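Take a look at the letters that make up each chain.
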Amino acid sequence: MSQPLITLDFLDKAPVADALPADVRVSAATRTGRARKLYIESYGCQMNFSDSEIVSSILADEGFDTTEDLAGADLVLLNTCSIREKAEQTVRMRLKQINSHKKRKPGMLVGVLGCMAERLKSKFLEEEKIVDLVVGPDAYRDLPQLISQVDGGQKAVNVLLSREETYADITPVRLNSNGITAFISIMRGCDNMCSFCVVPFTRGRERSRDAHSIVQEAADLVAAGYKEVTLLGQNVDSYKWASEDGTERVNFAQLLERVALISPALRVRFSTSHPKDITDEVLHTMARHENICKYIHLPAQSGNSRVLELMNRTYDRPWYEERVQAIRRILGEDCAISTDMIAGFCSETEEEHQDSLSLIDFAQYDMGYNFFYSERPGTLAARKLEDDIPLEIKKRRLQEIIDRQQLHARARYARMVGRVHKVLVENFSKRSQEHLSGRNSQNQVVIFPKGTFQKGDYVNVFVTSTTGGALLGEAVS
Ligand code: SAH
Ligand code: SF4
Ligand code: F3S
């Protein structure tokens with residue numbers, strides 16, 4: 001499975017009939033008495049989870065309530081991911097399970113949304129007979145029309161990509177929400193051409209959403225009691241919006257500041273930062289506002305300049321190291337940094353793999369989302385480079401990356417012990433109703449006895465120990 005753009009520790013809540021991978025999200029039920037029931041399952045990154053909220057909003061207007069009960073659904077949608085082969089295999093296996101539900105309820109409609117829909121287009125209908133509907137990420141406004149086509153007994157496909165669509169005017173239905181944290185898509189698509197990556201093909205050209213609609217959405221969330229928003233994009237640092245008459249221009253640092261200024265009680269996070277684009281202006285904006293969280297997801301992919309060039313990442317190792325130093329200089333040692341690393345990319349030598357390990361030592365990441373290379377049809381790498389590292393070697397290198405990364409993650413947790421952290425409470429601890437769980441600015445999980453505190457409170461917690469994956473402590477005044 002693909003990693004989310006950011007980590008979510010409340011994904012395991014929805015009761016699901018069949019065994020599902022832990023990072024799949026099933027929409028929670030909205031029971032407002034609408035006539036038809038929509039069951040929607042989201043795979044892949046946070047952008048998909050966010051899109052499912054837009055889809056639910058569009059379909060609510062068409063008379064659909066969401067349900068957590070697959071067996072009773074009239075319409076089953078899978079919002080899919082293509083980032084690695086395994087992500088696609090998971091969806092195909094899921095379709096087989098859904099087929100058995102459909103046999104018991106013949107009127108059930110089955111649709112595939114998202115990146116796999118975009119990649120496979122109408123081929124999907126030939127390959128998976130159970131699928132009635134194939135809709136790409138820019139065509140969700142067309143869903144009502146496509147569904148009525150399917151209601152009329154036909155199959156329906158719309159995979160047109162757009163240069164403009166940002167769904168700016170659609171208020172998402174917050175699915176699986178804890179009522180405290182929410183995600184806001186600020187842009188769509190990607191104009192980079194990393195040679196391993198399918199996203200530019202499945203999501204189309206990069207476009208930035210109207211800054212006013214973003215600020216309005218964040219302000220509405222604050223009014224509804226939310227305490228944290230995460231601004232989402234494949235490359236947030238290239239956010240760029242201009243008003244139609246050209247008199248107003250907003251870059252990412254300016255957008256970040258506008259959202260931070262809505263309320264000091266609103267925490268602001270963002271993901272993903274591209275190492276080639278993250279500017280000192282963004283770092284200084286973070287430093288100026290206490291409520292912009294001190295956590296940056298800065299995927300390196302490799303620690304070797306030759307491999308980075310083959311990956312078409314457009315930065316080299318010295319550039320990446322300089323950006324890490326800028327973060328440390330402007331935001332201090334406490335700012336958390338995380339990465340994505342790919343093990344065993346085409347022609348990567350053992351020495352080049354060692355460079356990835358030494359970059360992990362250099363950056364001392366708090367967290368890492370690491371994968372072995374999976375060739376994707378149609379990408380630059382698939383066309384031009386040979387996928388020549390044997391699977392066992394890829395897996396061994398990946399394990400070395402994970403082990404090295406965990407050493408640093410544990411050290412980063414350990415250095416937080418003995419200090420007071422401002423924690424935003426998100427939920428009860430998974431293990432005990434007597435403990436609350438929240439995160440500090442650095443995105444580390446903090447657990448403490450609940451006392452009289454509740455979800456949504458900011459609590460100062462003195463941290464006394466760490467499990468290596470969470471901080472434990474007690475509230476202080
Ligand atoms: N826009 C983000 C990445 C989004 S995809 C960025 O540029 O950093 C999320 C992660 O999946 C990537 O960072 C990469 O590490 C991984 N990934 C993408 N394509 C992959 C592939 N073909 N094989 C293995 N991992 C891949
Ligand atoms: Fe893929 Fe690169 Fe775009 Fe990230 S920046 S989505 S890795 S093409
Ligand atoms: Fe996200 Fe997967 Fe598409 S990572 S953008 S859902 S390919």
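## Focus on empty space enclosed by the protein
In step 1: For the structure shown, the criterion picks out five cavities of 30 Å³ or more.
In step 2: Looking at the largest cavity, it is lined by 38 residues, and the ones nearest its centre are I83, F196, C197, V199 and Q234.
In step 3: Reported here for the second largest cavity is a volume of approximately 90 Å³.
In step 4: Lining the second largest cavity we find 14 residues, and of these R25, E53, L175, T181 and F183 sit closest to its centre.

## What about the sheet that holds strand β14 (residues 267-271)?
The pairing of strands in a sheet happens through backbone hydrogen bonds and is either parallel or antiparallel.
In step 1: Pairing within the open sheet is parallel, and its three strands lie in the order β8-β11-β14. Edge positions in the open sheet fall to β8 (181-185) and β14, since each of these has one partner strand only. Ignoring which end each strand starts from, the neighbouring axes of this sheet average 25° apart.
In step 2: As paired strands, strand β11 (residues 228-232) and β14 are joined by five bridges and run parallel to one another. Considered in β14, the bridge of L231 is made with F270.

## Comments concerning helix α11 (residues 317-331)
In step 1: In a regular helix each residue adds 1.5 Å, so 15 residues correspond to 21 Å; α11 covers 21 Å between its end C-alpha atoms and thus fits that length.
In step 2: For α11, every residue scored as buried is listed here: R317, Y320, E321, R323, V324, A326, I327, R328, I330 and L331.
In step 3: Next to the buried residues of α11 lie α9 (280-288), β15 (295-297), α10 (305-310), β16 (336-343), α12 (350-363) and α14 (391-414).
In step 4: With a side-chain oxygen positioned 3.0 Å from the backbone nitrogen of W319, the residue opening α11 is D316.
In step 5: Of the residues trailing α11, G332 is marked for its positive phi of about 90°.

## Topic: the site of ligand 2
In step 1: With respect to spatial proximity, the complete set of residues near ligand 2 consists of C190, N192, C194, F196, C197, V199, P200, Q234, H274 and R313.
In step 2: The cavity that encloses ligand 2 is the largest cavity.

## Points about the environment of R269
In step 1: With respect to the helices and strands, the residue R269 is situated in strand β14.
In step 2: The spatial distance from the C-alpha of R269 to the C-alpha of N291 is 8.9 Å, given a sequence separation of 22 residues.
In step 3: In contact with R269, other than residues within four places in its own chain, are E228, V229, T230, L231, C293, Y295, R439, N440, S441, Q442 and N443.
In step 4: At a separation of 3.2 Å, a polar atom in the side chain of R269 contacts the side chain of E228.
In step 5: A polar side-chain atom of R269 sits 3.1 Å from the main-chain carbonyl oxygen of S441.

## Concerning the pattern of salt bridges
In step 1: Per the counting criterion, the structure on display carries 43 salt bridges.
In step 2: With its nearest N and O atoms 2.8 Å apart, the salt bridge here joins E128 to R92. In this pair, E128 sits in the loop between α4 (123-127) and β6 (133-135) while R92 sits in helix α2 (residues 85-104), placing the two residues 36 residues apart along the sequence.
In step 3: By relative accessible area, which is 10% here, E128 ends up buried.
In step 4: For R207, the salt bridge identified is with D138, shortest N-O distance 3.1 Å. A residue pair is termed long-range when its members are at least 10 positions apart, and R207 in strand β10 (residues 207-208) and D138 in the loop between β6 and α5 (143-151) qualify at 69 residues.
In step 5: Using a relative accessible area of 5% as the deciding quantity, one classes R207 as buried.
In step 6: Shared partners join several salt bridges into a network, and the residues in it are D51, D138, R188, R203 and R207.

## As for the packing of aromatic side chains
In step 1: On inspection of all chains with the given rule, the structure shows six aromatic pairs.
In step 2: Relative to Y167, the ring of Y140 has its centre 6.0 Å away and its plane inclined at 15°; by these criteria the two rings are stacked. Here Y167 lies in the loop between β7 (156-158) and β8 and Y140 lies in the loop between β6 and α5, a separation of 27 residues in the sequence.
In step 3: The interplanar angle of 35° and the centroid separation of 6.1 Å between the aromatic rings of Y315 and Y320 together place this pair among those described as tilted.
In step 4: The class for Y315 is buried, based on a relative accessible area of 5%.
In step 5: Cluster of aromatic residues (ring-pair linked, three or more members): F196, F345 and Y373.
In step 6: Cation over ring: R84 sits above F371, and NZ or CZ is 3.6 Å from the ring centre.

## So, a nonpolar patch on the surface
In step 1: A cluster of nonpolar side chains, namely V420, F462 and V476, defines an oily patch on the protein surface of about 220 Å² accessible area.
In step 2: Counting through the fold element by element, V420 comes out in strand β18 (residues 420-428).
In step 3: Under the relative-accessibility criterion, V420 is labelled partly exposed at 48%.

## Let's talk about the sheet that holds strand β17 (residues 367-372)
In step 1: In space, the three strands of this open sheet follow the order β15-β16-β17, with parallel pairing throughout. Among the strands making up the open sheet, the edge pair consists of β15 and β17. Pairs of neighbouring strands in the sheet enclose a mean axial angle of 10°, with direction left out of account.
In step 2: Relative to β16, β15 is paired through three bridges, and the arrangement is parallel. Opposite I296, over in β16, you have I337 as the bridge partner.
In step 3: Packing of α14 onto the sheet brings it into contact with β16 and β17, and relative to β17 it is tilted by some 180°.

## As for the site of ligand 1
In step 1: Around ligand 1 there are 16 residues in total, and F196, Q234, Q301, D340 and S374 lie nearest to it.
In step 2: One nitrogen or oxygen atom from the main chain of F196 is found 3.0 Å from a nitrogen atom belonging to ligand 1.
In step 3: Here a nitrogen atom of ligand 1 sits 2.7 Å away from a polar atom, N or O, in the main chain of S374.
In step 4: In isolation ligand 1 offers 540 Å² of accessible surface; the protein chains occlude 94% of this area.
In step 5: More than half of the atoms of ligand 1 fall within 2 Å of the grid points belonging to the largest cavity.
In step 6: For the shell around ligand 1, the elements supplying multiple residues, two or more each, are β16 and β17.
In step 7: The residue inventory of the shell around ligand 1, partitioned by class, reads seven nonpolar, five polar and four charged.

About the cut-offs
- Residues numbered from 1 in each chain as written.
- Chains lettered and ligands numbered in written order.
- Predicted model: local features only at pLDDT ≥ 70, side-chain atom pairs only at ≥ 80, totals over all residues.
- Heavy atoms only, no water.
- 1 Å grid on protein atoms, 1.4 Å probe; cavity = no way out; pocket = protein on both sides within 12 Å on 5 of 7 lines; lining within 4 Å.
- Points joined across faces, edges and corners; volume = space filled by probe spheres on them.
- Pairing = 2+ DSSP bridges.
- Helix = DSSP H or I, 4+ residues; strand = E, 2+ residues; numbered from the N terminus.
- Axes fitted to C-alpha atoms, helices over the stretch in contact; angles between N-to-C directions.
- Expected span 1.5 Å × (residues − 1).
- Buried < 20%, exposed > 50% of the residue type's maximum accessible area, 1.4 Å probe, protein only.
- Contact = heavy atoms within 4.5 Å.
- Polar contact = N/O pair within 3.5 Å; in protein donor to acceptor, adjacent residues only side chain to side chain.
- Near = heavy atom within 4 Å.
- Sits in = over half its atoms within 2 Å of the grid points.
- Salt bridge = Lys/Arg side-chain N within 4 Å of Asp/Glu carboxyl O.
- Phe/Tyr/Trp six-rings, centres within 6.5 Å; stacked < 30°, edge-to-face > 60°.
- Lys NZ or Arg CZ within 6 Å of the ring centre and 35° of its normal.
- Patch = residues over 30% accessible without salt bridge, like charges linked within 9 Å, V, L, I, M, F, W, Y side chains within 5 Å.
- Areas by Shrake-Rupley, 256 points an atom, 1.4 Å probe, with all protein chains shown as cover.
- Nonpolar A, V, L, I, M, F, W, Y, C, P; charged D, E, K, R; others polar.

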